2 protein chains.
Amino acid sequence: MVKITDVARHAGVSPSTVSYALSGKRPISEETRRRIEDSIRELGYRPHAGARALASSRSNVLALVVPLRTGIHVPVVMQFAVSVVTAARRHDHDVLLLTQEEGEDGLRRVADTALVDALIVMDVQLHDGRLPLLRRLDRPSVLIGFPAEPDGLTCIDLDFGAAGELCVEHLAGLGHRVVGLVGSPPEVYVRETGFAQRVVRGFTTAADRNGIASSVHPCEADPAAARQVAERLLRERPALTGVVVHNEPVLEPLIDAFEALGLRVPQDLSVTAICPDELAGRVRVPVTSVAIPAAEVGTGAVELLMRKLDGTPVPRATLLPPRLTVRASTRPR
Amino acid sequence: MVKITDVARHAGVSPSTVSYALSGKRPISEETRRRIEDSIRELGYRPHAGARALASSRSNVLALVVPLRTGIHVPVVMQFAVSVVTAARRHDHDVLLLTQEEGEDGLRRVADTALVDALIVMDVQLHDGRLPLLRRLDRPSVLIGFPAEPDGLTCIDLDFGAAGELCVEHLAGLGHRVVGLVGSPPEVYVRETGFAQRVVRGFTTAADRNGIASSVHPCEADPAAARQVAERLLRERPALTGVVVHNEPVLEPLIDAFEALGLRVPQDLSVTAICPDELAGRVRVPVTSVAIPAAEVGTGAVELLMRKLDGTPVPRATLLPPRLTVRASTRPR
DNA sequence: TTCCCCCGTCGAAGCGCTTCGACGACCCGC
DNA sequence: GCGGGTCGTCGAAGCGCTTCGACGGGGGAA
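As recorded in an unreviewed UniProt entry, chain A goes by the name LacI family transcriptional regulator, listed as coming from Streptomyces apricus.

So this is what it looks like as structure tokens:
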């Protein structure tokens, strides 16, 4: 293994000079820097991560806690993860993958052993057991999602409340007066997952504001459940002309179910969804949707963390504004 | 931060004794060990990962390279990742997440900086550019998937060839004489992804062996493509009564397409798939399938790596035998 | 010309842990 | 009762890097 002293000798300087040339923390003359860079290249030098971490008390690794639970859409999780890794690399950091299963112990472990410099936690619940720990930890963290009490924490997410509102406003603007929300599986609400509840609140608020009749229906993530919900919705609200879907796996089955019940989309029924653009575009009837900007959220989380790591103050809350893309599934009533 | 010298002082022993008590690399008396453990608990001691890595030249971190490419099924990737993390934790290791995007440089970086002790590489191509590097690296690695030239490497995967055969044998056993394979998107074959080609080979071999007429059809991962493939299959092989599907996203659309063309499953057409059990079970017509044992593969990869890390020899190739579960989508002709 | 300061570099200390060799104490067999 | 082993513990040396203080030399201001 080639080490910093080898490089120093080869370049005819001291190890500290090599270190400063690498980190830029002290000025180094153009000429010396070039000699050092040449030596590094020639010898194939790579600083030892452990030694670096020990000496600098910075590991240049971020922890990412991903959820495993049912009721969350796996591809979206993956998009988050990939964007976090990519963004972290741009800041010369790596990403350690933790599963929620490890829980608080996992967070404490990687933080206390100085394995990571900072943490990103996904799928935060309204009353998440990890919050006190995260507040107490001496390492910065960013939550993807909003708990009930975000004081002392840094959070980022799509503004799901506004997303729910935006869907309703779109339908209201098209003249629809009776709308339904097909939501996530019941357990997601039971767990008090913030984003799901926020959609409901936004949906209801906007419906009330527009004098629109509305109802909310959690739905399991399978086609049979979709059919049931569709039937029930029509039974309870025969005048229904608009639906907001916040449940990726049932989006297509639900449209199928409505068509099977004689409601064509969009002629008889307008459908909007809150889901990844990619999904909305590949449904049989491309769906007007509010995108879940997984990549932006992931990147944003990393940026926030980096600023916290170098002491810059950051906003407590970052709510990404929803963006609605009109596709083929909605039309005026 | 509480360090090993603090623990040593508190327990009235030397730091090395604490270290040996922790690692078990030298015998420590019952009584001393207990005092040390008490001190550790009382002081909340956590060894510093960097220091440990530096002194022991073991970071206790594994790298996991996940694919990003199109044509691979994201939930399966996630299952791999989670099972790798879980298995790694059982061996007191953590997992660093790398994206394929970083390519060889990423592998080299984490290996050369001693950030990780070993590597797991997913989605290996038949002629993967990373192979020479992996052979040369001084850190052990395990591939998930089989390249054309696996010499000097350790590989593990489902035996996709046997899986393809098994599907055909099942159909043959039910009396089917004309079968088709609906495969992965064309780009997957163009990339020469081993597992996809192996399925084709197994499928063809078994069909020939049984004197069955067969044809192979790559298929894009969207419903429209599924419909086209279904039509084409029926046009070219009007006598078709069996289909093997190796393409998760089109499994359900394909069945829909066949039914729309007047072929009921399983009355007129038997369908088998190679896909996660979870998917096979939740299709409208539960599909007879060979499972993709993502969790076993992930766990197996970690076990192999652990054995390599402590110098135990391991088999070059680990092929997990396919297991077929009969569900509602196949019946005798 | 003198003084001061800054630029560029060096040496040494130390980050917190593991590991090697050494060393008493104790037990066994003869 | 003595040599040889083993068991349990200690001290010290390092692992490879960063960082702090120091210092020589050169340029600018006075």
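1. A closer look at the UniProt feature "domain: HTH lacI-type" (unreviewed entry) in chain A
In the numbering adopted here, UniProt assigns the feature "domain: HTH lacI-type" (unreviewed entry) to residues 2–56 of chain A. Segment residues 2–56 of chain A splits into 71% helix and 0% strand. End C-alpha atoms: 20 Å apart.

2. Details of empty space enclosed by the protein
Scanning the model with the defined rule gives 4 cavities of 30 Å³ or more in all. Lining the largest cavity we find 16 residues, and of these A49, G50 and L115 of chain A together with G50 and L115 of chain B sit closest to its centre. Secondary-structure elements contributing two or more residues to the lining of the largest cavity are helix 4 (49–56) of chain A together with helix 4 (49–56) of chain B. Its residues assigned to classes, the lining of the largest cavity shows 12 nonpolar, 4 polar and no charged. A volume near 60 Å³ is recorded for the second largest cavity. Lining the second largest cavity, in full, are V66, M78, A81 and L97 of chain A together with V66, M78, A81, V82 and L97 of chain B. If you list the elements that add at least two residues to the lining of the second largest cavity, you get helix 5 (74–90) of chain A together with helix 5 (74–90) of chain B. At 3 residues, the largest contribution of residues to the lining of the second largest cavity is made by helix 5 of chain B.

3. Remarks on the domain arrangement of chain A
Quite often, the size of an interface is put as the accessible area lost when its parts meet. Taken domain by domain, chain A consists of domain 1 (4–47), domain 2 (61–158 + 294–320) and domain 3 (160–292). For domain 1 of chain A versus domain 2 of chain A, the distance between C-alpha centres works out to 35 Å.

4. Describing the pairing of strand 8 (residues 242–245) of chain A
Residues and elements named next belong to chain A. Of the two faces of strand 8, the one carrying G242 and V244 and the one carrying V243 and V245 are both buried. Note that strand 6 (residues 178–182) and strand 8 share 4 bridges and pair parallel. Bridging from a neighbouring strand, V182 pairs with V245 of strand 8. Across 4 bridges, the pairing between strand 8 and strand 9 (residues 270–275) is parallel. Looking at strand 9, one finds that V245 is bridged to A273. Crossover strand 8 to strand 9 through helix 12 (residues 251–260) is right-handed.

5. Notes on the protein's contact with DNA strand C
Taken together, 29 residues lie near DNA strand C, and T17 and T32 of chain A together with I4, Y20 and R26 of chain B sit nearest. Among all atoms of DNA strand C positioned within 4 Å of the protein, those belonging to sugar or phosphate total 58%. The side chain of R26 of chain A places a nitrogen or oxygen atom 2.8 Å from a base oxygen of DNA strand C. Between K3 of chain B and DNA strand C, the recorded distance is 2.7 Å, taken from a side-chain N or O atom to a phosphate oxygen. Mapped onto the surface near DNA strand C, the elements with two or more residues apiece are helix 2 (15–23) and helix 4 of chain A together with helix 2 (15–23) and helix 4 of chain B. Here the element with the most residues in the surface near DNA strand C is helix 4 of chain B; it accounts for 4 residues. Of the residues contributing to the surface near DNA strand C, the split by class is 13 nonpolar, 10 polar and 6 charged.

6. Comments concerning the packing of helix 5 of chain A against helix 14 (residues 294–309) of chain A
Residue and element names in this part refer to chain A. Contact geometry of helix 5 with helix 14 gives a least axis separation of 8 Å together with a crossing angle of 40°. When the interaxial angle is binned, helix 5 and helix 14 end up oblique. For helix 5 against helix 14, the interelement crossing comes out right-handed. Between helix 5 and helix 14, the contacting residues are V76, Q79, F80, S83, V84, A87, A88 and R90 on the first element and A294, A295, V297, G298, T299, V302 and E303 on the second.

7. Regarding the interface of chain A and chain B
Taken together, the contact pairs 40 residues of chain A with 41 residues of chain B. Counting the surface lost from both chain A and chain B, the interface buries some 3500 Å², and carbon and sulfur atoms represent 68% of this. Among the residues chain A hides against chain B, the three largest losses belong to R46, M78 and L97 of chain A. Together they make up 18% of the total. Summed over the shared surface of chain A and chain B, the result is 6 salt bridges. Only helix 4, strand 1 (61–66), helix 5, strand 2 (94–99), helix 6 (103–112) and helix 11 (223–236) of chain A provide two or more residues apiece to the side of chain A that touches chain B. Looking at the side of chain A that touches chain B, the element that brings in the most residues is helix 5 of chain A, giving 9 residues. Of the residues assigned to the side of chain A that touches chain B, the class counts are 24 nonpolar, 5 polar and 11 charged. Relative to strand 2 (residues 94–99) of chain B, strand 2 of chain A runs antiparallel, the two being bridged by 3 bridges. Residue pairing across strands places L97 of chain A opposite V95 of chain B, the latter belonging to strand 2 of chain B.

Parameters at a glance
Going along each chain's sequence as written, the residues are numbered from 1 onward. Whichever chain is written first becomes A and whichever ligand is written first becomes 1, with later ones labelled in order. Only residues with pLDDT of 70 or above have their local features reported here, since the model is predicted, and side-chain atom pairs are shown and tallied only from 80 upward, although totals for entire chains, interfaces and linings are computed over all residues. Excluded from the side-chain calculations are hydrogens and water; all other atoms, namely the structure's heavy atoms, are used. UniProt positions are given in the numbering used here, feature names are shortened, and annotations may be inferred rather than shown by experiment. Helix and strand assignments follow DSSP, with helices taken as H or I runs no shorter than four residues and strands as E runs no shorter than two, numbered in order from the N terminus. A cavity, in this analysis, means grid points on a 1 Å lattice covering only the protein atoms where a 1.4 Å probe fits yet has no way out; a pocket is instead an open set bounded by protein on both sides within 12 Å along at least five of seven lines, and a residue lines either one if it has an atom within 4 Å of a point. Grid points are joined across faces, edges and corners, and a volume is the space filled by probe spheres set on the points. Each residue is assigned to one class: nonpolar for Ala, Val, Leu, Ile, Met, Phe, Trp, Tyr, Cys and Pro, charged for Asp, Glu, Lys and Arg, and polar for all the others, Gly among them. The start and end points of each domain follow an automatic or database-based domain assignment. We call a residue buried when its accessible area falls under 20% of the maximum for its residue type, exposed when it is over 50%, and partly exposed in between, using a 1.4 Å probe and counting protein chains only. Note on pairing: DSSP must find at least two bridges between two strands before they are called paired. Seen with its strands pointing away from the viewer, a crossover is right-handed if its path from the first strand over the helix to the second goes clockwise. The criterion for a residue being near a molecule or strand is simple. One of its heavy atoms has to lie within 4 Å of it. Here a polar contact means two N or O atoms within 3.5 Å. Within protein one must be a hydrogen donor candidate and the other an acceptor candidate, and residues neighboring in sequence count only if both atoms are side-chain atoms. Axis lines are fitted to C-alpha atoms, over the contacting stretch for helices. Their N-to-C directions set the angle, which ranges from 0 to 180 degrees. Oblique is the label for any angle not covered by the other classes, which are roughly parallel (under 35 degrees), roughly antiparallel (over 145) and roughly perpendicular (65 to 115). Helix crossings get a hand from a simple test, with the near helix turned counterclockwise from the far one by less than a right angle marking a left-handed crossing and a clockwise turn marking a right-handed one. Note on contacts: a residue pair qualifies if any of its non-hydrogen atoms lie within 4.5 Å across the two residues. Summed over both partners, the accessible surface that disappears when two parts come together, traced with a 1.4 Å probe, is what is meant by buried area. Each reported salt bridge corresponds to a side-chain nitrogen of Lys or Arg within 4 Å of a carboxyl oxygen of Asp or Glu.

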